Structure formats: structure tokens, C-alpha cells
Amino acid sequence: MEAMKWTCFLWLRVCLLKLTSIAYAHHTDCRGGGFCWYTIEFSSDGKVTGQNLGEALASRELIHKFINSILKDHDLNIETANVLIMGFSQGAILGYSVALTYPESVSALVAMSGYLNRQILPEQMEYSRLQHLNILITHGTEDPVIPYDWAKKSAEFLEKNFINHRFYGYRAGHSIDIQAFEEIKKFVTKQLSNF
């Protein structure tokens, strides 16, 4: 069992490195010198005021293709593979979009300091296809970039549509504190034990 955990951990590190290189090649420059999956516009006080939905949708497709290529490279059946994705901020937004658009590709999601953006979801969703998903939402109550209420509304959407989720709020800004890290660790450990 311990050897299997290390194999999963090493495989995950390889996947993360590959995804990081894809993201870097696909990146958009962001405010403050960082990189984004898609262009996002901010007001002078740091609030999100606009976004390039075309770039967001292209990024979602890129992530989905990446998941499929990893499964294909390792001869795993997409319908029986257990895939957990994690994202922070835009990564969480895209994680929701990938999981809810292509639920056959994902079994679990950790959405950190992000929200469910209905503009990058399919207009018509078959909610019965989403019942296997397990989602952990973590969000700082004092987040100045993506309001805490947006994350709460994401949880309400999941609740309304009977999608398994857990919401964990913590006193912090647009970051992850140690308690959130522990919640994430517990969730990931539980998900891996189910794989």
C-alpha cells in the first residue's frame, strides 16, 4: 500500500510538471507580473471587473486535453479512471468548468479561492452525470480578489444540484492558511484511498 501511495505521488508530480509547462506556454501576463490562464481585468481597488471568456474556454479545453493525454499515455480508461484536480483562483474557476463540463474526466476537485463561473459552463447540463463528483471548496473570508460570497454561491449551486461537496471557510485573504491546507490534505487522502 505504501509503495502504491508513493507511485501515485510521483505520478502526480510528473503530471503537475507537465501541466505547469503547458500553462506556462499558454499563459497570459497578469497584473503584478504573474501569469494567468486567461485575461482578467481589475478595478483600482483590486476587484475583478472583466474577463476574456474566449481565453477561459480555450484554457478549459487545454486542461481537458491534458487530462485525456495523461490517461492515454498510461493506458487508463477515461470512464473508470479516478482523476483529482486542484486549482487556486483561476485554477479553481477552470477546475469547476472542467469537472462540470467533462464529468467523465474528473472524479474529484479541490477549488481553492475561486468560484463557479456559470459563463464558462455548458448552457444545458445533465446533472445526473455529475453525481459521482466530490468537491472541496476552500475560501478565505477576507479575500479581496474573489469575494467570499461568490464561493458560498458556488456551494449553493452544488447543493441545489445534489453534487457532493464540502465548503471550508477560513479567516484569510486570497491565500491558503494552515487549517485550509489540513482540510485539503484530509480530502485528498480520502479521495486517494477511494481510487
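The structure under discussion appears in the preceding block.
What you see is a predicted model, and the numbers here were worked out from it, not measured in a lab.

Enquirer: Tell me about the sheet that holds strand β5 (residues 84–88), and name the residues and values.
Expert: As summarised here, the arrangement of the 4 strands in space is β5-β6-β7-β8, forming an open sheet in which the pairing is parallel. Here the strands that pair on one side only, and so sit at the sheet edges, are β5 and β8 (164–170). Across the sheet, the mean angle separating the axes of adjacent strands is 10 degrees when strand polarity is ignored. The pairing of strand β6 (residues 108–112) with strand β7 (residues 134–140) spans 5 bridges and is parallel. Within β7, the position partnered with V110 by the bridge is L136.

Enquirer: Hey, could you go over the packing of helix α2 (residues 53–73) against helix α3 (residues 90–101) for me, with residue numbers and the actual values?
Expert: Put simply, α2 and α3 touch, their axes get as near as 9 Å, and they point 65 degrees apart. Of the two possible hands of crossing, α2 and α3 adopt the one that is right-handed. Note on element contacts: α3 touches α2 through L94, S97, V98 and T101, opposite A56, S59, R60, I63 and I67. When the residues that make up the contact of α2 with α3 are grouped by side-chain class, the tally is 5 nonpolar, 3 polar and 1 charged.

Rules used throughout
Residues numbered from 1 in each chain as written. Predicted model: local features only at pLDDT ≥ 70, side-chain atom pairs only at ≥ 80, totals over all residues. Heavy atoms only, no water. Pairing = 2+ DSSP bridges. Helix = DSSP H or I, 4+ residues; strand = E, 2+ residues; numbered from the N terminus. Axes fitted to C-alpha atoms, helices over the stretch in contact; angles between N-to-C directions. Left-handed = near helix turned anticlockwise from the far one by under 90°. Contact = heavy atoms within 4.5 Å. Nonpolar A, V, L, I, M, F, W, Y, C, P; charged D, E, K, R; others polar.

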